[in-house]
Amino acid sequence: MPPAVRVSGLARRFGEITAVDGVSFDVGEAEIFGFLGPNGAGKTTTISMLCTLLRPTAGSAAIGGCDIVSDPAGVRREIGIVFQDSTVDERLTARENLVFHGELFGMARADIRPRADQLLERVGLADRAGDAVITFSGGMRRRLEVARGLMHWPSVLFLDEPTVGLDPQTRRSLWAYARSMRDTEGVTIFLTTHYMDEAEACDRVAVMDHGRIIALDTPARLKARLGGDVVSIVGPDNAALAREVRESFEIEPRLENEAVEFNVEHGGDFVPVLLARLDGEVRSVGIRAPTLEDVFVSLTGHQIREQAFSEEDKMRSMQRQGFRRMR
């Protein structure tokens, strides 16, 4: 079975800046695939190329067998898109937004209204179908955007940071809708996020930083790469404690979250040995299982961070303009 998304050596440069640096990966049918990384990592630029909103500088990609450069119209028939920023028409009702989308995509007239009503029911907006979107909350608009993205039966649904700014309940609801469409209609979900809980829910995760994919695997396997437990110690001089851990146990610690952290097998057995050998004062000790945040830090040397403005922000602005042209 061919992959739903196939990417080979895809790159994009903006003058002297390389936003995406030769990424290659496949996404399987009905897979929930996550791009994990901070703003500026190249996630949105990659999606913009895959959605035919931006022409690649180099490399190739195909969605549903349609090449993103030579067959952009074919790609657009295969995909649905939900951007971080709202693009629904607030002057129309919820149903009118979906009907308009269906007409733009050339759906059979007899299918449009039933499909719209089915999706509005699925995302919990059936009782507001005839209301103008201007009266909707941010969470309701996002649910409508998911319904619109699925309106024309796409094979791949792109979700670009879709839950930023939403409350936890709405975030959980959006995930439930996405999984439902994956399970009932076989839709492939391609998600970008910097939320660890969302990345954990993906079938596979590509860790991206500075335009490159630095790791790609299931969340469980990525975390297993670190080995064992994460031990965290805090003292009045964390830098000195880190040096002691390095010299005494030949372990490379990390100074994170105002603590010294490192990975060891069987953390519960190791901690008494650690405390007996350290000369510096230890005020607190913690043991936990590794997270994808730990994986990211170990691979990049820094935490996933927010940046005030980046190439990703510029790309989101281009996305909105390009999507309006595409409509």
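A few points on the structure. In this text the structure is predicted, and so the values were computed from the model without any measurement.

For the rest of this paragraph, the subject is the sheet that holds strand S4 (residues 58–63). Sheet architecture is open: four strands sit in the order S2-S1-S4-S5, paired in antiparallel fashion. Edge strands, defined here as strands with exactly one partner in the open sheet, are strand S2 (17–27) and strand S5 (66–67). Against the sheet, helix H1 (residues 43–50) engages strand S1 (5–14), S2 and S4, with an angle of about 115° to S1.

Locating Val99 in the fold gives a position in helix H3 (residues 94–104). In this structure Val99 comes out as partly exposed when scored by relative accessible area, which is 21%. Separated by 39 residues in sequence, Val99 and Ser60 place their C-alpha atoms 33 Å apart.

Moving on: unusual backbone geometry. With a phi angle near 60°, Ala30 is a residue other than glycine that sits in the positive phi range. Overall, Ala30 belongs to the partly exposed group, its relative accessible area being 27%. Not every positive phi belongs to a glycine, and His266 is a case in point at roughly 55°. By relative accessible area, which is 55% here, His266 ends up exposed.

The next subject is the pattern of salt bridges. In total, this model carries 23 salt bridges according to the counting rule given. The shortest N-O distance in the salt bridge between Glu145 and Arg148 comes to 3.4 Å. Of this pair, Glu145 and Arg148 both sit in helix H5 (residues 138–150), three residues apart, which is roughly one turn of that helix. A relative accessible area of 1% means that Arg148 is categorised as buried. Put simply, Arg171 and Glu198 hold a salt bridge, and the shortest N to O gap is 3.6 Å. A residue pair is termed long-range when its members are at least 10 positions apart, and Arg171 in helix H6 (residues 168–185) and Glu198 in helix H7 (residues 196–200) qualify at 27 residues. In this pair, the class of Arg171 matches that of Glu198, namely buried.

Using the criterion set out here, one finds two cavities of 30 Å³ or more in the structure. Computed from the structure, the largest cavity encloses a volume of approximately 80 Å³. In terms of lining, the largest cavity is formed by Val146, Leu159, Pro162, Thr163, Leu174, Trp175, Ala178 and Leu191. The leading source of residues in the lining of the largest cavity is H6, at three residues.

A few words on helix H11 (residues 292–300). Among the residues of H11, Leu292, Asp294, Val295, Phe296 and Val297 are the ones counted as buried. Capping the start of H11, Thr291 holds a side-chain oxygen 3.3 Å from the backbone nitrogen of Glu293, two or three residues further along. A positive backbone phi angle near 85° is found at Gly301, which sits one or two residues after H11.

The rules behind each value
Residues numbered from 1 in each chain as written. Predicted model: local features only at pLDDT ≥ 70, side-chain atom pairs only at ≥ 80, totals over all residues. Heavy atoms only, no water. Pairing = 2+ DSSP bridges. Helix = DSSP H or I, 4+ residues; strand = E, 2+ residues; numbered from the N terminus. Contact = heavy atoms within 4.5 Å. Axes fitted to C-alpha atoms, helices over the stretch in contact; angles between N-to-C directions. Buried < 20%, exposed > 50% of the residue type's maximum accessible area, 1.4 Å probe, protein only. Salt bridge = Lys/Arg side-chain N within 4 Å of Asp/Glu carboxyl O. 1 Å grid on protein atoms, 1.4 Å probe; cavity = no way out; pocket = protein on both sides within 12 Å on 5 of 7 lines; lining within 4 Å. Points joined across faces, edges and corners; volume = space filled by probe spheres on them. Polar contact = N/O pair within 3.5 Å; in protein donor to acceptor, adjacent residues only side chain to side chain.

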